[in-house]
Amino acid sequence: MTRAPRLVIRVDADHLIGLGHGVRCAALAEALGESAVVTVVGAGAVLPGLFPGRGTVPVVAADDDDGFARILAGLGPAAVVIDHPRRNGPWSRLVRRAVPGAVVAVIDDEGGDLDADLVVNGTVLEAYHRYSGLPARAQVLAGPRHTLLRPVFGRSRWPAAGAGPGVGREAGVLMVVGSGAGAADWARFLASEVLDRTGWGRSRLVVGAAFPDRAALVSAGDAAGIQVLVGQSGAELAALLASAPVALITGGMIVYEALAVGVPAVVYPQIPNLLPEARWLAGRGCIHDLGAGGGFDAAAVRGAVNTLLGDRAAAAGMSRRQRRLIDGGGAGRMAAALLALVAGAPPVPDRGPAA
């Protein structure tokens, strides 16, 4: 029996850097299944929960390169997957020194100068898919076919797509807020009584397990009649998205998860590098983009949500466009490409855009 290769995933995840990096690496680990022995190396208290049974090895600090090199030398992996903005380049060089001959795979969002045998970039913007410095035989998997999502989001379907008026509305508008200081401020705004949510049903607000001062947010939500949910699993979040009439969400990973489910979405791109992506998606009728300042404009937020609540044909059309763009199979495609590289097999062909 062939022994499964050992793979290391290097990723950090906390409220400041974001949980999305850890979530998409968890999607890859799930797609790999028993085909690889996966060890996760990283900083962040949430990592063990994202990778149950995967032997997470905490690094004392996110920039502890010496500690990372020692772990790699001790494990001797056949491949190392790196996911961290601004650290991908230095960590690639470190891996080449610590475990010569190992396959280096990078999960990236921005393009640029990289040294890797496999690059996976699931962003929709072609301008972010440009790379230099790659070895001649490097493989780049870019675009929405390669967005790394947990499989449950691709399997979940918004039930109101193509259905009659009001389907799903009894569940109430779902609000999902990502990581970072700007997102935290927006969560507090949504949980306040500033926003008129008349006609939205019993709204729910989802935040990550690393959200700061959760008790205060829950208390504010109770006062405003909002159910605050913390640290939902992938299956729980997918079910919430599928049952909501409209999702009101930050930019980042949650946007791609919502697109895969097909729930009509109003998006607040809370940091500057998310603005071009939100504009691109809005221009193709896949989301409503609140823009840089629109998230804190109560009238703009209410108007965007109410438009989708009031025009279910338009909402269903948005849902169909979303699911044509994102099919949710990117993690499986990366897993297949990575295992092929480790085995020395020819690259797995990319068969074009999702249907």
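The structure we're discussing is the one just above.
Residues numbered from 1 in each chain as written. Predicted model: local features only at pLDDT ≥ 70, side-chain atom pairs only at ≥ 80, totals over all residues. Heavy atoms only, no water.

**Describing the side chain of R150**
Relative to the helices and strands, R150 is located in the loop between strand 9 (139-142) and helix 5 (151-155). R150 sits in the buried class, given a relative accessible area of 14%. In this structure the side chain of R150 is engaged in a polar contact, spanning 3.0 Å, whose partner is the side chain of E257. Excluding its chain neighbours within four sequence positions, the residues that come into contact with R150 are V23, A27, E30, S233, G234 and E257. (Helix = DSSP H or I, 4+ residues; strand = E, 2+ residues; numbered from the N terminus. Buried < 20%, exposed > 50% of the residue type's maximum accessible area, 1.4 Å probe, protein only. Polar contact = N/O pair within 3.5 Å; in protein donor to acceptor, adjacent residues only side chain to side chain. Contact = heavy atoms within 4.5 Å.)

**Focus on the nonpolar core**
L190, L205, L241, L248, I249 and L259 are the most contacted members of the largest nonpolar core, which has 67 residues in total. Take this core: its biggest share by element is 8 residues, from helix 9 (residues 253-261). I9, L19, A79 and V103 belong to the second largest nonpolar core, which has 31 residues in total. (Core = buried A, V, L, I, M, F, W, Y, C linked by side-chain atoms within 4.5 Å.)

**Quick word on the packing of helix 12 (residues 298-310) against helix 13 (residues 312-325)**
Across the interface, helix 12 lies against helix 13 with an axial gap of 5 Å and an inter-helix angle of 95 degrees. Put simply, helix 12 runs roughly perpendicular to helix 13. Mapping the contact onto sequence places L308, L309 and G310 in helix 12 and R312, A315 and M318 in helix 13. (Axes fitted to C-alpha atoms, helices over the stretch in contact; angles between N-to-C directions. Parallel < 35°, antiparallel > 145°, perpendicular 65-115°, else oblique.)

**Observations concerning the packing of aromatic side chains**
One pass over the full model with this rule turns up 4 aromatic pairs. Measuring from ring centre to ring centre gives 5.7 Å for F68 and W91, while their planes differ by 65 degrees; the resulting arrangement is edge-to-face. A residue pair is termed long-range when its members are at least 10 positions apart, and F68 in helix 3 (residues 65-75) and W91 in helix 4 (residues 88-98) qualify at 23 residues. Just as F68 is buried, W91 falls in that class too. For the pair F189 and F296, a centre-to-centre distance of 5.3 Å together with 55 degrees between the ring planes defines the contact as tilted. Of the two residues, F189 sits in helix 6 (residues 181-190) while F296 sits in the loop between helix 11 (291-294) and helix 12, which places them 107 residues apart along the sequence. On the basis of relative accessible area, F189 is assigned to the buried category, the value being 11%. With a relative accessible area of 37%, F296 lands in the partly exposed category. When the ring centre of F68 is taken as reference, the NZ or CZ atom of R10 above it lies at 5.3 Å. (Phe/Tyr/Trp six-rings, centres within 6.5 Å; stacked < 30°, edge-to-face > 60°. Lys NZ or Arg CZ within 6 Å of the ring centre and 35° of its normal.)

Interpretation note: all reported values are geometric properties and have no functional meaning in isolation.
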